[in-house]
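# Overview (structure and organization)
One letter stands for each residue in the lines below.
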Amino acid sequence: WYQRRVRGAIVDLIAISVAVLMFIVETMPVVKVELKNPNNILATCFFVGESACVAFFSIELIGRLVCCPDKLAFCKVLMNWVDLVTIIPYFIQLATAQTDVDSGSHTVNSGGHNTNAIVVLRVLRVVRVLKLAKHSKGIIIVTKTLTSSINELSLLLFFWFIGVVIFGSIMYFI
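As the structure is a computational prediction, the values presented were derived from the model and not from experiment.

## As for the overall build of the protein
- Looking only at helices and strands, the protein has 8 helices and 0 strands in total.
- Restricting the contact set of the protein to residue pairs at least 6 apart, pairs at least 24 apart contribute 63%.

## Some details on empty space enclosed by the protein
- Counting across every chain of the model gives 1 cavity of 30 Å³ or more.
- The volume enclosed by the largest cavity comes to roughly 30 Å³.
- What lines the largest cavity is simply Ala19, Val20, Phe23, Arg125, Val126 and Arg128.
- Grouping the constituent residues of the lining of the largest cavity by class yields 4 nonpolar, no polar and 2 charged.

## With respect to the environment of Ala133
- In this fold, Ala133 is placed in the loop between helix H6 (115-123) and helix H7 (137-148).
- As a C-alpha pair, Ala133 and Met79 span 54 residues in sequence and 9.4 Å in three-dimensional space.
- Excluding anything up to four places from it in sequence, Ala133 contacts Ile139 and Ile140.

## Some details on the nonpolar core
- The biggest cluster of nonpolar side chains holds 12 residues, and these are Ala15, Ile16, Ala19, Val20, Cys53, Val54, Phe57, Leu61, Cys68, Phe74, Ile87 and Tyr90.
- If we skip the residues at most four places from it in the chain, Ile16 touches Phe57, Arg128, Lys131 and Leu132.

## With respect to the packing of H7 against helix H8 (residues 150-173)
- Contact geometry of H7 with H8 gives a least axis separation of 5 Å together with a crossing angle of 70°. The orientation of H7 relative to H8 falls into the category roughly perpendicular. Note on element contacts: H8 touches H7 through Ile150, Glu152 and Leu153, opposite Leu146, Thr147 and Ser148.
- When the residues that make up the contact of H7 with H8 are grouped by side-chain class, the tally is 3 nonpolar, 2 polar and 1 charged.

## Some remarks on the packing of aromatic side chains
- For the structure shown, the criterion picks out 4 aromatic pairs.
- When the ring of Phe56 is compared with that of Phe57, the centres are 5.8 Å apart and the planes differ by 65°; the resulting orientation is edge-to-face.
- Look at Phe56 and you get partly exposed, because its relative accessible area is 27%.
- We classify Phe57 as buried; its relative accessible area is 2%.

## What about the confidence of the model for the protein?
- For the protein, mean pLDDT is 80; residues scoring 70 or higher make up 82% of the total.
- Of all helices and strands in the protein, the one with the weakest mean pLDDT is H6 (67), whereas H8 scores best (92).
- Throughout residues 105-112 the model reports pLDDT below 50, and contacts reaching past four residues in sequence, or to other chains, amount to 17 contacts.

## Focus on the side chain of Asn40
- Note that Asn40 resides in the loop between helix H2 (29-35) and helix H3 (41-67).
- The class for Asn40 is buried, based on a relative accessible area of 14%.
- A distance of 3.1 Å separates a polar side-chain atom of Asn40 from the backbone nitrogen of Leu42.

## Details of the state of the cysteines
- Using the criterion set out here, one finds 0 disulfides in the structure.
- The thiol of Cys75 is unpaired, and the distance to the nearest cysteine sulfur, on Cys68, comes to 8.4 Å.

Thresholds, definitions, all that
- Residues numbered from 1 in each chain as written.
- Predicted model: local features only at pLDDT ≥ 70, side-chain atom pairs only at ≥ 80, totals over all residues.
- Heavy atoms only, no water.
- Helix = DSSP H or I, 4+ residues; strand = E, 2+ residues; numbered from the N terminus.
- Contact = heavy atoms within 4.5 Å.
- 1 Å grid on protein atoms, 1.4 Å probe; cavity = no way out; pocket = protein on both sides within 12 Å on 5 of 7 lines; lining within 4 Å.
- Points joined across faces, edges and corners; volume = space filled by probe spheres on them.
- Nonpolar A, V, L, I, M, F, W, Y, C, P; charged D, E, K, R; others polar.
- Core = buried A, V, L, I, M, F, W, Y, C linked by side-chain atoms within 4.5 Å.
- Buried < 20%, exposed > 50% of the residue type's maximum accessible area, 1.4 Å probe, protein only.
- Axes fitted to C-alpha atoms, helices over the stretch in contact; angles between N-to-C directions.
- Parallel < 35°, antiparallel > 145°, perpendicular 65-115°, else oblique.
- Phe/Tyr/Trp six-rings, centres within 6.5 Å; stacked < 30°, edge-to-face > 60°.
- pLDDT = per-residue confidence, 0-100.
- Polar contact = N/O pair within 3.5 Å; in protein donor to acceptor, adjacent residues only side chain to side chain.
- Disulfide = S-S within 2.5 Å.

Here it is in structure tokens:
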């Protein structure tokens, strides 16, 4: 049982790393130019890679939902929402690209008025890095520490904000 869990964690880490790495490489100017042509082999490789990663994440999320005995408790877990938020932009982009193909355009990112919305949604894919937290004991400990001391931290931030406003006003008027 433990070995299967470790293998599952390794596969999960690899899928997250590949998805985030592909997202980072897509932002490079040289690659952006190549990806604009959907007939390019690089564009096809990126599409297949992203589709495989999203399929893995979707199957994992649906599998956890189906196997969870308490669906309400499942919906209350923040990491499940992170998983959902990272999957949704792909399907929205895929639906928009299909609509663009049906309307006669053959580029994946065309669409005029909704291109900016898709770019914003694609940035949400970076949230997948948060999924790495469940495999790191250090990050889990830091998260639990921060959540247990949220009242003290909010008070600290409030006083810090007051100080910024006061000293900002003083600097403005002097």
